[in-house]
Structures are given as structure tokens and as C-alpha cells.
Amino acid sequence: MRSVRRVFKKIRAENPCWSSYLCFAEAIRKKHFSRRTILKNFNALVDEKDYAKNEKKEIIDFLEELSEGG
């Protein structure tokens, strides 16, 4: 199975000026991950300072669409 964490860390290393959110979005883009996988990895990898907590549901909804290629 593809590892979101492995891809995330590679993108993060190649783009040190990018936020953790942007690296995460790039790591899952068009990879067809489930909402559960996205949420689990989002919580583990994305710095809480990179998003507003009251917008988390909308962010996860967007990331789910991005993962599906939308």
C-alpha cells in the first residue's frame, strides 16, 4: 500500500518552504485515498498552526475531493 507519510516526507524535504498542509495536499493528490486514511494522516502530519480548527471539516472535504482527482 502507498504510504502517505513516506510521500509527505519526500515532498517536505524537497520543498522546505512549503507548509505542512501544502505538502500533505500534494502527497495525496489524485491517489484515491479513503476519507479515513486522509483524516488519520492529516492529524498525524499537518501542523495545527497551518489551519483553523473550525474549518477542519471543510479542509478534509476538499482533501478528499483532491485525492479523487477533482
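Structure first, text after, so check above.
For clarity, every value in this text was computed on a predicted model and none was experimentally measured. Position labels on residues start from 1 in each chain and follow its written sequence. This being a predicted model, a pLDDT of at least 70 is required before a residue's local features are given, and a value of 80 or more before pairs of side-chain atoms are given or counted; all residues contribute to the totals for chains, interfaces and linings. For side-chain calculations, the full set of non-hydrogen atoms in the structure is used, while hydrogens and water are omitted.

Turning our attention to the packing of helix 3 (residues 35-45) against helix 4 (residues 56-68). Each pair of packed helices can be summarised by the angle the axes make with each other and by the distance between the axes. Direction vectors running N to C along helix 3 and helix 4 enclose 125°, while the axes themselves pass 10 Å from each other. The angle between helix 3 and helix 4 places the two elements in the oblique class. The way helix 3 lies across helix 4 gives a crossing that is right-handed. Facing helix 3, whose interface residues are R35, I38, L39, F42 and N43, helix 4 presents K56, K57, I59, I60, D61, L63, E64 and S67. Taken together, the residues that form the contact of helix 3 with helix 4 break down as 6 nonpolar, 2 polar and 5 charged. Structural elements are reduced to axes, namely lines fitted to C-alpha atoms, with helices fitted over the stretch in contact, and the angle between N-to-C directions of any two is expressed from 0 to 180 degrees. Runs of H or I in DSSP of at least four residues are treated as helices and runs of E of at least two as strands, each being numbered from the N terminus. What sets the label is the angle itself: under 35 degrees gives roughly parallel, over 145 gives roughly antiparallel, 65 to 115 gives roughly perpendicular, and the rest give oblique. In a left-handed crossing the near helix is turned counterclockwise from the far helix by less than a right angle, and in a right-handed crossing that turn is clockwise. Note on contacts: a residue pair qualifies if any of its non-hydrogen atoms lie within 4.5 Å across the two residues. Residue type decides the class: Asp, Glu, Lys and Arg count as charged, Ala, Val, Leu, Ile, Met, Phe, Trp, Tyr, Cys and Pro as nonpolar, and the leftover types, Gly among them, as polar.

Right, let's get into helix 1 (residues 4-14). Working definition: with a 1.4 Å probe on protein chains only, accessible area under 20% of the residue-type maximum means buried, over 50% means exposed, and in between means partly exposed. Looking at helix 1, one finds that the buried residues are V4, F8 and I11. Axial view of helix 1: buried residues confined to an arc of 70°, hence all on one face. Those residues of helix 1 that are exposed and aimed more than 90 degrees away from the buried face are R6, K9, K10, A13 and E14. For helix 1, the elements touching its buried residues are helix 2 (20-28) and helix 3. Think of it as the arc spanned by the lines of direction from the helix axis to the C-beta atoms.

With a phi close to 60°, K30 is a non-glycine residue in the positive phi region. Of note, K30 is situated in the loop between helix 2 and helix 3. Its relative accessible area of 52% is what places K30 among the exposed residues. At H32, a residue that is not glycine, the phi angle is positive and equals roughly 60°.

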